[in-house]
Amino acid sequence: MSGLLLLLPLLLPLAGTIVLLAGSLSVGFQRVGAVVCSGLTLVASLVLLVAVDRAGILVVQLGSWEAPFGISLVADRLSAVMVAFSALLGAAVAVFSLGEISRRRIQRFFYPLYLLLLFGVNGAFLTGDLFNLYVWFEVMLIASFVLTALGGARAELEGGLKYVILNLFSSALFLSAAGILYGVLGTLNLADLAVRLEASPDPGWLQAASLLILVAFGLKAAVFPLFFWLPASYHTPPSTVSAIFAGLLTKVGVYALIRVYTLVFEPLFPQAQGLLLAIAVLTMITGVLGAAAHFEMRRILSFHIVSQIGYMVLGLAFFTPLALAAAIFYIIHNMVAKTNLLLISGIVIRLQGTADLARVGGLYRSAPWLAVLFFLPAFSLAGIPPLSGFWAKLGVVRAGLEGGWWFAVAAALVVGILTLYSMTKIWAEAFWKPRPEGALPLMAGGVGRLGWMVVPVATLSVCTVALGVFGEFLFAFSERAADQLLSPQEYISTVLAGRGKE
Amino acid sequence: MTLLLSLLLVFAGALAAPWMVRAGRGWLRNLLLVVPLGAFLLLLGGLPAVAAGGAVSLQLPWFPSLGVTLDLRMDGLSAVMGLLVTGIGALIVLYSFGYLGKHPQYGRFASFLLAFMGAMLGLVLADNLILLFIFWELTSITSYLLIGFLHEDPQSRKKALQALLVTGLGAVVMLAGFILLGEVAGTYRISELLGEGALLTASPLYPAILLLILAGAFTKSGQVPFHFWLPNAMVAPTPVSAYLHSATMVKAGVFLLARLHPALGGTEMWTGYLVVFGGLTLLTAVVLGLFQTDLKGILAYTTLGVLGLLTMLLGVGTELALKSMIVFLIGHALYKAALFMTAGAVDHETGTRELTHLRGLRFAMPLTATAALLAALSKSGFPPFFGFIGKEAVYEAAGNLGGLGWGVLAVAVGGNMLMMALALKAGIAPFWGRPSGQTPKPPHEGPFSLWFGPLLLGSIGLLLGLVPGLVGPTLVAPAVSAMTGAPSEVYVKLWHGFNLPLLLSLLTLAGGLVLFRLRHHFWRVAPRVRYFLRARGAEATYDLLFASTVALAEWQTRTLQSGRLYSYVRIVLLFTVVLVGGAILSTSLRLAPPPLPGPIEALPAGIVLTMIVGAVLAAVTDNRITALLGLGTVGFGMALLFTYYGAPDLAITQLLVETLTVVLFMFVIYRLPHLRHPSRVLIRLRDAGLAALFGLCMSYLALEAITLNLDTPISERLAAMSYPLAKGKNVVNVILVDFRALDTLGEITVLVAAALGVAALVTGGLRRRRRKRAE
């Protein structure tokens, strides 16, 4: 039973893909199918989350091959919460897509690819095997690449090309590193790798290989100086696509970094700490400066993704229980808020024809409800209390001060102000400013035509408020998750439970 | 419980305001007044306990993981501020009915105003440092929304942002200070912190904590050099200026310092910073105020001056100084809110706030003129107004100090003279003399809502002056004991006898009158002063910082995110080489390099050499087909190596893939333009070097992987298990379809996704072509 719980977040999107491909290509069927499938995935993921929190780490040895010979799927608290919130975004964005994704795109297999992306993301969160993680990265990569390029417009293809080439480089590095680790340690199972590395006479041998992995995952997470693919490609596809990318893709990279550094490379962490700190600080700064330089809503938001990845990596770099808890909380908060903001940019484009801040305006007057829905995630992102981003920032900052990382804390705080600046830029230009001369014609039918696009945006805004006001639930959970990460014995013994019996 | 109730009432009012305003323009909207009045009465109910030396408090858990509670506590200090916030707040809400009630966005305005009120009330009642910070930030955000209320005006947007950024930056710095303070004291509960003064001031972190917290307090309360945002915030509608930027929010910084005085005060550092910055702020503000001709501008600068004076008094920190600070704070809140409201009424009813156009309005606006007169007299410190008591108290406190006191006294007397001149300018000049007849609208008295508030506040100023016993034991003494941390026996009275303070008061009055008479001389040079400030002042520094940050951002983004894939790949490669190469170097310094594998055999060596030739050829050639063939050599060589080392299935796969790639590329190549090498030799050499380094790193790692086996590989067990358990003789096949079947499933979906992509793009292309043909 518990095995099925763990498998459902994978099986449901896969089944959905197959049904959508095998069934009719009628637009209605595709839409209903995608929404139902992502909704079911959400329910299954929530059940999994509760089960893992109550009953401890769940493991499925696929094909009943005991670890480390087969592939283990593992759900600890971190995995489960990542799967749950990914599923929340998956469902929310699927509903949003009903209002945005065109008939033509749907006939080009938009929804099967969308579900494949969710499949890949959940796989990455749930796998306990290094090479299998590589496979999930490939699934995500190719599904997301096709999703970006699906429109076939020149800008989309160009962005997609940069995206796929840089990410393939990351895949190549990851694959090489997996090969090297297998060559040296003779296993691919993460728990087994951890045991063998711990027992090896000198883990220093694997420093170089671990850095290879750091680069590979860092590129996926879009840290400095590996983030170029992200701002190059996120503003071109429909907002549905950039929203789900913003919520999921980079977070998988951060998740993978946290996973390997707490589980496998823990003995190598002291040498990597300085590097991670530097990367985190520079990521925060370059990202937020990129956002300050731009004047298009989606480009600003894309650079903010980069900047905020820096905070998450900072949490990992501090490596205290509080810091890791804050990093987890930060990831969740950011997934919800950032996806929502990109969805809102989609509504702005729908209403005013563009997200270029120079050519939009007057939304404060014409769409006050949208102003409220934007204000909440935007100011949450800027760390304004009592919204979710404040707790995330407070946790990271406090952990940094406790550890005496003055410089990193100073950077985090100043970056917070610059974030606030770029959020007010969108607010002032798109909402407060009157509609400029030369703006594109307004959408016919006005606000009433938005239909389904509003529901997920409102839901996610409420989530942001709830994660702020009732954030203690999630933060306490994050602390439990961080404890699990910092004492990996439970993970290792659960995965390798069968080994002693032979 | 009353504290929580009052907070909830105000925030509920904020939520309900838009609907209440929209639903029924009349009575339902007026019901909004119940919100601040109710909160005021609730706080008043707690006052007897506070006056008796106790406190009203409530402890609620909220975010235990981060040490944040919903603890509220009202002692003497918070009672003073809380009553001002809600009491003046009620009058401001009433005033806003008359001032903005007809504005189409009045619902939002009322909502923001009440939200601000709740935030401010929470700030003064919070008994947890982080909770206080949360409300602090909320006041900044609501202030941003209120300053930018006239949002279609670019100036409003700009100044709202300026206030937000300046106070926001101070706030996050302060947050760091709060966290450190909590670390040292071991608690975030303010009432517990206050007992830890000795521990805190002795801590090595004390200077850092104090400076960080001062950054927050000084930005919020507009101390030099952060003073510029406050006069700029006057672009807000007048009710906002009167409420936020005079009577309440800007006092938050002073309040915070007063709140933490028992914990952080009493050191030389404290006194030094507060007295110097407070004094500087006072003098700067009143001197700049002399050159103002805008009614609200004058009031903004005097507000700054008062904030400086209050800070200075907190720095002095004796019981008398703290008493005078509280008395002055109360007096200021009363008269300054009144003066702002009369200024707003003048603006509303005449269409201008420009002093040079305003004279003799007392005939048209008698009630407003009376209110302004009362407030101005109190502000100038004429007996028997409450302002007089405040000023006397300041002089008394400074006169009792000795050395430092003479400096403080001089600054205070000078500052007060100028403030008095400014008070007369703002409260008397527009209403007296002969009517100018130059106003855009013919002046007339405003409605009840516009004159009632200021008249009431002005009268209270007079009443408290005559009967200071009303606030002395109930508010001032408890507030002082909250700031000293010990029961206080201070008295507030009008008449102190003939002594130094009285003499100084008379001196101040005389000096102020003289300066007021000379006002036109200052106005004549005003444009030049303003020009100088724009070029050299603190605001110019802010503008420069702002512009250079944006310029830096643009430069950085152009440089890094250049849009060229080539540059991205190079940076990523370089980063990898630096990291991995560095690690390899540092390990080889420490550990012996992995041994080379056995003797080199001739055949594989030959194959490898051929592959190298192919790779180099592909890199240097100018011909695409040659490059393709070179790459093909590498691929086929790899297949040969697989065969040689006994992996025929891998070799077959490799052959197939390689053949397909070469063939497909051949098709494409004919459609591509000629290959050119636009880059210079140096760049090509650099890239070649980078590529070579990267290759070296990877080779080293591969060598390590082959030769360094720290543990038995699982493949041995897999081979052993393959036939007996998985019923397959070919281990590779069993791995693919059984041991690691999930990998295969994943790769199949990769192929499916790729196929869908190709199909989508190709069919899309077909459809387009068909359409073209149809045309």
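Residues numbered from 1 in each chain as written. Chains lettered and ligands numbered in written order. Predicted model: local features only at pLDDT ≥ 70, side-chain atom pairs only at ≥ 80, totals over all residues. Heavy atoms only, no water.

1. Things to note about the packing of aromatic side chains
Residue and element names in this part refer to chain B.
- For the coordinates displayed, the defined rule picks out 54 aromatic pairs over all chains.
- With centroids separated by 5.0 Å and ring planes inclined at 65°, the aromatic side chains of Phe109 and Phe149 adopt a geometry described as edge-to-face. Taken together, the residues span a long stretch of sequence, with Phe109 in helix H5 (residues 106-125) and Phe149 in the loop between helix H6 (129-147) and helix H7 (154-185) at a distance of 40 residues. Of the two residues, Phe109 and Phe149, neither departs from the other in class, the shared state being buried.
- Ring plane angle 5° and centroid distance 6.1 Å describe the contact between Tyr273 and Phe277, whose orientation is recorded as stacked. Taken together, the residues span about one helical turn, with Tyr273 and Phe277 both in helix H14 (residues 268-290) at a distance of four residues. (Phe/Tyr/Trp six-rings, centres within 6.5 Å; stacked < 30°, edge-to-face > 60°. Helix = DSSP H or I, 4+ residues; strand = E, 2+ residues; numbered from the N terminus. Buried < 20%, exposed > 50% of the residue type's maximum accessible area, 1.4 Å probe, protein only.)

2. Description of the environment of Val254 of chain B
Residue and element names in this part refer to chain B.
- Residue position: Val254 is located in helix H13 (residues 252-264).
- Taking relative accessible area as the criterion, Val254 reaches 1% and is therefore assigned buried.
- Between the C-alpha atoms of Val254 and Phe116, which are 138 residues apart in sequence, the distance is 18 Å.
- If we skip the residues at most four places from it in the chain, Val254 touches Ser221, Leu307, Leu310, Thr311, Leu314 and Met325. (Contact = heavy atoms within 4.5 Å.)

3. Brief notes about the confidence of the model for chain B
All names here are of chain B.
- Across chain B, the average pLDDT comes to 88, with 96% of residues at or above 70.
- Every residue in residues 765-775 scores below 50 in pLDDT, and together they form three contacts with partners more than four places removed in sequence or on other chains.
- For this predicted complex, the interface confidence reaches an ipTM of 0.94, while the overall pTM sits at 0.94. (pLDDT = per-residue confidence, 0-100.)

4. Some points on helix H14 (residues 321-352) of chain A
Residues and elements named next belong to chain A.
- The end-to-end C-alpha separation of H14 is 46 Å, in line with the 46 Å expected for 32 residues at 1.5 Å each.
- In terms of residue burial, H14 counts as a mostly covered element, since 29 of its 32 residues are buried.
- Once H14 ends, the next one or two residues include Gly353, with phi positive near 90°. (Expected span 1.5 Å × (residues − 1).)

5. A few points about the interface of chain B and chain A
- Opposite the 105 residues of chain B that make contact, chain A presents 118 residues.
- Regarding the contact of chain B and chain A, the summed buried area is about 9600 Å², with carbon and sulfur atoms giving 75% of it.
- Contact with chain A buries surface across chain B, with Leu66, Ile714 and Leu742 of chain B losing the most and accounting together for 7% of the total.
- In this structure, the connection of chain B to chain A is made through two salt bridges.
- Joining chain B to chain A, the criterion identifies 15 residue pairs in polar contact (both at pLDDT 80 or more).
- Top element by residues in the side of chain B that touches chain A is helix H32 (residues 741-774) of chain B. It accounts for 18 residues.
- Residues belonging to the side of chain B that touches chain A are distributed by class as follows: 69 nonpolar, 20 polar and 16 charged. (Buried area = accessible area lost by both parts, 1.4 Å probe. Salt bridge = Lys/Arg side-chain N within 4 Å of Asp/Glu carboxyl O. Polar contact = N/O pair within 3.5 Å; in protein donor to acceptor, adjacent residues only side chain to side chain. Nonpolar A, V, L, I, M, F, W, Y, C, P; charged D, E, K, R; others polar.)

6. Considerations on the side chain of Lys323 of chain B
- Relative to the helices and strands, Lys323 of chain B is located in helix H16 (residues 319-350).
- Excluding anything up to four places from it in sequence, Lys323 of chain B contacts Ala393, Glu396, Val476, Val480, Val490 and Tyr491 of chain B.

7. So, the environment of Trp65 of chain A
- Tracing the sequence through the fold places Trp65 of chain A in the loop between strand E1 (58-61) and strand E2 (72-75).
- The class of Trp65 of chain A is buried, set by a relative accessible area of 9%.
- C-alpha separation for the pair Trp65 of chain A and Ala222 of chain A, spaced 157 residues apart in sequence, amounts to 35 Å.
- Beyond its immediate sequence surroundings of up to four residues, Trp65 of chain A is in contact with Gly70 of chain A together with Met721, Leu725, Ala726, Asp738 and Phe739 of chain B.

8. Digging into a nonpolar patch on the surface
Residue and element names in this part refer to chain B.
- Together, Leu660, Val663, Leu664, Phe665, Phe667, Val668 and Leu672 give the surface a local cluster of nonpolar side chains, amounting to about 680 Å² of exposed area.
- Residue placement: Val668 occurs in helix H28 (residues 648-669).
- Residue Val668 is classed as partly exposed on the basis of its relative accessible area, which comes to 41%. (Patch = residues over 30% accessible without salt bridge, like charges linked within 9 Å, V, L, I, M, F, W, Y side chains within 5 Å. Areas by Shrake-Rupley, 256 points an atom, 1.4 Å probe, with all protein chains shown as cover.)

9. Looking at the pattern of salt bridges
- Within this structure, the stated rule accounts for 21 salt bridges over all chains.
- Note that Arg196 of chain A and Asp192 of chain A form a salt bridge whose closest N and O atoms lie 3.2 Å from each other. Taken together, the residues span about one helical turn, with Arg196 of chain A and Asp192 of chain A both in helix H8 (residues 190-199) at a distance of four residues.
- For Arg259 of chain B, the salt bridge is made with Asp75 of chain B, and the minimal N-O distance between the two is 2.4 Å. Of this pair, Arg259 of chain B sits in helix H13 while Asp75 of chain B sits in the loop between strand E4 (72-74) and helix H4 (76-100), and the two are 184 residues apart along the sequence.
- Residue Arg259 of chain B is classed as buried on the basis of its relative accessible area of 4%.

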